[in-house]
Amino acid sequence: MTPRESPLLTHLLLQLLLPLALSLLHPPHPAPVHVPALVPHAPTPLERSRFSARTQLDFTTHCNSSCFHRGEQVEQRAQLTDKLAFETLYADGSRTLTTVDVEADEGFEGRPVPQPSLRKVKLRRRRVRRQIYGADGRFNIQGDNFLLDYPFSTAVRISTGCTGVLVSQQHVLTAAHCVHDGKDYVNGARKLRVGFLIPPSVNGTKTDLSSAKKPLVRWVRVKRTRVPKGWLQGPQEVSMDFDYALLELRWPHRRPFMRLSVAPSSDDLAGKRVHFSGFDSDRSGELVYRFCPVEEESSDLIYQHCDARPGASGSGVYGRVWDNSLERWERKVIGIFSGHQWLEIDGENRDYNVAVRITPLKFAQICYWVHGNRLDCVQD
């Protein structure tokens, strides 16, 4: 074991032991989550994409009080179904638009959403936009024992410069802005690929030299890409709320993947913390892991101060969620890392790194994309 791996091993062991200790305490008993069913219509052909947009890895948005509290209002069914329609991009550049209906149920319309609280936020009047908060709390994942082990093995590279997470044997969840700017697909989406890390020792590199070498990448072509219409509003109206996309690989992979879950309240996460691993641009070729507590949460976003740099966009944000059927804590993807957001509330600027929250409707949509059958899409 190298000196660099020792501190990492200590921290990772703590991450493994803490949830075990928490599980010995009284587990949470959150209320059952109802997942609405999406009823898709026949796809409508669209013009071929021009692939004219440029990839923007450093995704930053600004929001005032009206924008921040937008999630507190109950949206009409027509508005939601319009945003949950989705566009499919195929490998040959052709596109289709699929509209959907939300299956009627008694509790859907008029259901209140959680109100975000700002009482725990520390105000920051001015700060250089660097997405690192205080001491850098990121860890480089090195060595076969870590790179090929779950959950780090679920992180993959996106050829446009972002990160993704494996959510099935053939699907990768990432951020929408990694493939589309809200108006058109980025140029790199024309021949989109997903990269799997292969440690040096697996490629025949001698073991005593592997620690000094960076892992290689095996690239796989993407068969089709799906983006929610809630993102396709034009750059001037882009919101982080729908910053997610699903990539379907041309061939299945053999690595373990991480299951999706409707994001629970932070109070129902082990340690009230989130975790994610990504390919930050300032650590080229390295997989970087971080974790931090949830600072605030709204109906569509998870606000936190996990250290991150451009390139980490699209990382699967996961937490340890109590699984009633298994009676244990399970790692599940509950969000997608989007980027950085400045909030202007009462004349004060407040900054966060932000993840898109997987809500029941988003869960239903992504699950349908994965399975192609709405009957398989129920919350575990």
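What you see as residue numbers is a count from 1 along each chain, following the sequence as written. Two thresholds apply to this predicted model, a pLDDT of at least 70 for residue-level local features and 80 or more for giving and counting side-chain atom pairs, whereas whole-chain, interface and lining totals are computed over all residues. Heavy atoms from the whole structure form the basis of all side-chain values; hydrogens and water molecules are not counted.

A. Inspection of the overall build of the chain at higher detail. Helix and strand content of the chain: 6 helices and 19 strands. Here the chain, with 380 residues, has 53% of them falling under the buried criterion. When checking whether two residues touch, look at their non-hydrogen atoms; a contact exists if any pair is within 4.5 Å. Relative to all contacts within the chain whose residues are 6 or more apart in sequence, the contacts with residues 24 or more apart total 75%. Areas reported here follow the Shrake-Rupley algorithm with a probe of radius 1.4 Å; residue values treat only the protein chains shown as occluding. Roughly 18100 Å² of accessible area belongs to the chain as shown, and the carbon and sulfur atoms make up 50% of that amount. By definition, any uninterrupted DSSP run of H or I lasting at least four residues is a helix, any uninterrupted run of E lasting at least two residues is a strand, and each is numbered from the N terminus. Remark: exposure states derive from per-residue accessible area (1.4 Å probe, protein chains only) relative to the maximum for the residue type, with buried under 20%, exposed over 50%, and partly exposed in between.

B. Spatial organisation of helix H6 (residues 360-371). Here the expected span of a helix is defined as 1.5 Å times the quantity of residues minus one. In this model H6 runs 16 Å from its N-terminal to its C-terminal C-alpha over 12 residues, within 8% of the 16 Å that 1.5 Å per residue would give. Where burial is concerned, most of H6 is hidden: 10 out of the 12 residues are buried. When we look at burial in H6, the residues that qualify are Leu-361, Lys-362, Phe-363, Ala-364, Gln-365, Ile-366, Cys-367, Tyr-368, Trp-369 and Val-370. Positioned one or two residues after H6, Gly-372 has a phi angle of 70°, which is positive.

C. Examining the state of the cysteines more closely. Note on terminology: disulfide denotes any pair of cysteine sulfur atoms within 2.5 Å. Under the defined criterion, the tally for this structure stands at 2 disulfides. Across a sulfur-sulfur distance of 2.1 Å, Cys-162 and Cys-178 are joined as a disulfide pair. Its S-S torsion of approximately -95° makes the covalent link between Cys-162 and Cys-178 left-handed. With Cys-162 in the loop between strand E8 (155-158) and strand E9 (163-166) and Cys-178 in the loop between strand E10 (171-174) and strand E11 (193-198), this residue pair connects regions lying 16 residues apart in the sequence. The two residues Cys-162 and Cys-178 agree in class, both being buried. Between the sulfur of Cys-292 and that of Cys-306 lies a disulfide, 2.0 Å long from S to S. With the S-S dihedral at roughly -100°, the linkage between Cys-292 and Cys-306 falls on the left-handed side. Of the two residues, Cys-292 sits in strand E15 (residues 287-297) while Cys-306 sits in the loop between strand E16 (301-304) and strand E17 (316-323), which places them 14 residues apart along the sequence. Pair check on accessibility: Cys-292 and Cys-306 agree, each one buried.

D. Examining the environment of Ser-338 more closely. Examined against the element boundaries, Ser-338 turns out to sit in strand E18 (residues 328-345). Sequence separation between Ser-338 and Met-240 is 98 residues, and the spatial gap between their C-alpha atoms is 6.8 Å. Each residue touching Ser-338, except ones within four places of it in the same chain, is listed here: Phe-59, His-177, Met-240, Asp-243, Ser-313, Val-354, Ala-355 and Val-356. Looking at Ser-338, its side chain comes within polar contact range of the side chain of Asp-243, at 2.5 Å. Here a polar contact is taken to be a pair of N or O atoms separated by no more than 3.5 Å, where protein atoms must pair a possible hydrogen donor with a possible acceptor and residues adjacent in sequence count only if both atoms sit in side chains.

E. Up close: the pattern of salt bridges. Basic side-chain nitrogens of Lys or Arg form a salt bridge, by our definition, when they fall within 4 Å of a carboxyl oxygen of Asp or Glu. Applying the stated criterion across every chain yields a total of 12 salt bridges. Between Asp-82 and Lys-229 there is a salt bridge, with its nearest N and O atoms 3.0 Å apart. Of this pair, Asp-82 sits in helix H3 (residues 77-84) while Lys-229 sits in the loop between strand E12 (216-228) and strand E13 (245-249), and the two are 147 residues apart along the sequence. Linking Arg-328 and Glu-330 is a salt bridge whose minimum nitrogen-to-oxygen distance equals 2.6 Å. Salt bridges sharing common partners tie together Arg-138, Asp-280, Asp-282 and Arg-290.

F. Focus on the confidence of the model for the chain. For the chain, the mean per-residue pLDDT works out to 82, and 75% of the residues sit at or above 70. Confidence scores per residue from the predictor, reported as pLDDT, run from 0 to 100. In the model, residues 106-130 has pLDDT below 50 throughout and makes 51 contacts with residues more than four positions away in sequence or in other chains.

G. How the structure looks around H3. Residues of H3 that are buried include every one of Arg-77, Leu-80, Thr-81 and Leu-84, and no others. End-on, the buried residues of H3 take up no more than an arc of 95°, which puts them together on one face. Summarising the contacts, the buried residues of H3 are in contact with strand E1 (38-40), strand E4 (86-90), strand E6 (100-102) and H6. Note: the arc covers the axis-to-C-beta directions of the helix.

H. Region of interest: the pairing of E12. For E4 and E12, the ladder comprises 5 bridges, and the chain directions are antiparallel. For Tyr-90, the partnering residue across the bridge sits in E12 and is Arg-224. Being paired, for any two strands, means DSSP has found at least two bridges between them. Bridge analysis of E11 against E12 gives 6 bridges, and the strand direction is antiparallel. Its bridge partner lying in E12, Arg-193 is registered against Arg-221. Pairing between E12 and E13: 4 bridges, direction antiparallel.

I. Examining the environment of Arg-309 more closely. By the element assignment, Arg-309 lies in the loop between E16 and E17. Residue classification places Arg-309 among the partly exposed residues on the basis of a relative accessible area of 25%. Distance from Arg-309 to Asp-282, taken between C-alpha atoms, is 7.0 Å for residues 27 residues apart in sequence.

J. Representation of the nonpolar core within the structure. Ranked by size, the top nonpolar core spans 74 residues in total, and within it Leu-173 and Val-194 carry the most contacts. The leading source of residues in this core is H6, at 8 residues. Those residues within four positions of Val-194 in sequence are excluded, and the remaining contacts are Val-156, Arg-157, Ile-158, Val-172, Arg-218, Trp-219, Val-220, Val-222, Leu-247 and Leu-249. The next biggest cluster of nonpolar side chains, apart from the first, holds 15 residues, and it includes Leu-269, Ile-302, Ala-312 and Phe-337. In these notes, a set of buried Ala, Val, Leu, Ile, Met, Phe, Trp, Tyr and Cys residues joined through side-chain atoms within 4.5 Å is what counts as a nonpolar core.

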